[in-house]
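# Structure assessment
Read off the chains here:
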Amino acid sequence: MNRYKDNPIVARWFAGDLTDYHGTYTLRVLSAHQQVINLAVDGWGHLLALASPALYKGPAAICLEEEDFSKCSKQLVPPATGRFQPGRLELMGREGRIAIDWTGRPTYTFGPPPLPAVDPLKLSRMLGLVYSYLSLSEKVPASGILLGLEGGESYFRKRLIGDFPLLVQSLANGQGEQFALSCRRLCGLGRGATPTGDDLIHGALVAGRYYFHSRRLSWTAPAYPPGLHRDTTRLGGHMLEMARRGLTMEPVRNLLTALFTARLHRWHLNCMLEIGSSTGFDLTVAICYTLRHLLHIGHTIQLR
């Protein structure tokens with residue numbers, strides 16, 4: 001395996017947001033799964049992912065060819081350590097040092113693309129199609145209550161219908177204190193690697209960013225309360241940090257782009273619902289609810 005030190009694995013592609021980091025950082029392997037190896041990097045507010053080509057594209061990720069990913073997944077297990085530097089990773093595997101290089105490889109970006117000016121009527125029609133699609137789902141999680149759909153545990157339904165609308169209102173109006181309070185109440189709420197509350201916060205923030213981007217308005221979301229990441233899982237914290245930066249995974253980016261260009265197809269929603277056990281559904285609900293609210297109050301929004 002030492003051959004990878006002098007002959008590094010060449011990445012298939014990498015996320016452009018990784019170019020924001022110019023120094024050298026120590027890291028460790030946090031978890032390894034069938035399609036992704038999650039790395040915790042010292043000083044970063046989010047995870048770094050080594051991804052298989054089978055996984056949807058996303059920020060803070062380096063994608064390997066399938067054969068290389070398979071080799072790495074067998075070698076890199078917790079608590080393996082290494083370091084990140086611009087264009088290169090070095091990690092200590094079971095049988096020696098592994099180097100991964102992405103210098104000059106294709107780059108993908110995960111912020112909002114250029115969008116046409118928002119057309120309220122077309123966007124409303126697209127959101128209606130999303131609602132119709134979700135209403136046909138065989139298994140509706142607790143977040144469905146936000147769109148009037150039945151399903152999920154009653155405890156979480158009550159919490160979400162009480163807290164998420166307040167988060168969206170404060171996000172739209174720049175009410176920092178209420179936003180921080182709502183984030184505190186939603187963060188870590190739910191089950192799974194990325195709790196429902198974190199997914200909803202992520203969906204609301206990226207929906208808001210796309211909406212104001214399409215209106216050609218400068219917008220910055222209210223700040224999270226201090227230490228929010230400590231109230232949830234590592235993957236939940238990753239979702240929160242990506243949303244703060246205006247970045248999101250490819251299926252979410254594709255859905256939002258389709259909504260604002262009025263080119264929504266069933267496969268956009270199929271791809272969303274394939275994310276996690278309920279993450280994709282929760283994200284779609286948050287996007288739909290947030291955009292409906294922003295359209296409703298669009299003529300009265302006051303930006304700071």
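Structure: above.
Residues numbered from 1 in each chain as written. Predicted model: local features only at pLDDT ≥ 70, side-chain atom pairs only at ≥ 80, totals over all residues. Heavy atoms only, no water.

This part takes up the sheet that holds strand E2 (residues 13-15). Sheet strands associate in pairs through backbone hydrogen bonding, adopting either a parallel or an antiparallel arrangement. In space, the 10 strands of this open sheet follow the order E1-E9-E8-E7-E3-E4-E5-E6-E2-E10, with mixed pairing throughout. Across the chains shown, the open sheet's two edge strands, defined by having one partner strand only, are strand E1 (9-10) and strand E10 (107-108). Where E2 meets E10, 2 bridges bridge the pair, whose relative direction is parallel. When the sheet's bridge partners are listed, phenylalanine 14 is paired in E10 with threonine 107. Together, E1, strand E4 (36-41), strand E5 (47-51), strand E8 (88-93) and strand E9 (96-101) form the strand contacts of helix H2 (residues 66-75), whose direction differs from that of E4 by roughly 60°. Contacting strand E3 (25-32), E4 and E5, helix H7 (residues 234-245) runs over the sheet at an angle of about 100° to E5. (Pairing = 2+ DSSP bridges. Helix = DSSP H or I, 4+ residues; strand = E, 2+ residues; numbered from the N terminus. Contact = heavy atoms within 4.5 Å. Axes fitted to C-alpha atoms, helices over the stretch in contact; angles between N-to-C directions.)

Its place among the elements puts serine 170 in helix H4 (residues 154-173). Within the local environment of serine 170, its side chain forms a polar contact with the backbone oxygen of leucine 167, the two atoms lying 2.9 Å apart. When residues no more than four places from it in sequence are discounted, the contact partners of serine 170 are Gln175, Gln178, Phe179 and Pro222. (Polar contact = N/O pair within 3.5 Å; in protein donor to acceptor, adjacent residues only side chain to side chain.)

What follows covers the pairing of E3. As paired elements, E3 and strand E7 (residues 81-85) share 4 bridges and run antiparallel to each other. Within the sheet, the bridge partner assigned to threonine 26 lies in E7 and is arginine 83. Joining the antiparallel neighbours E3 and E4 is a turn of 3 residues.

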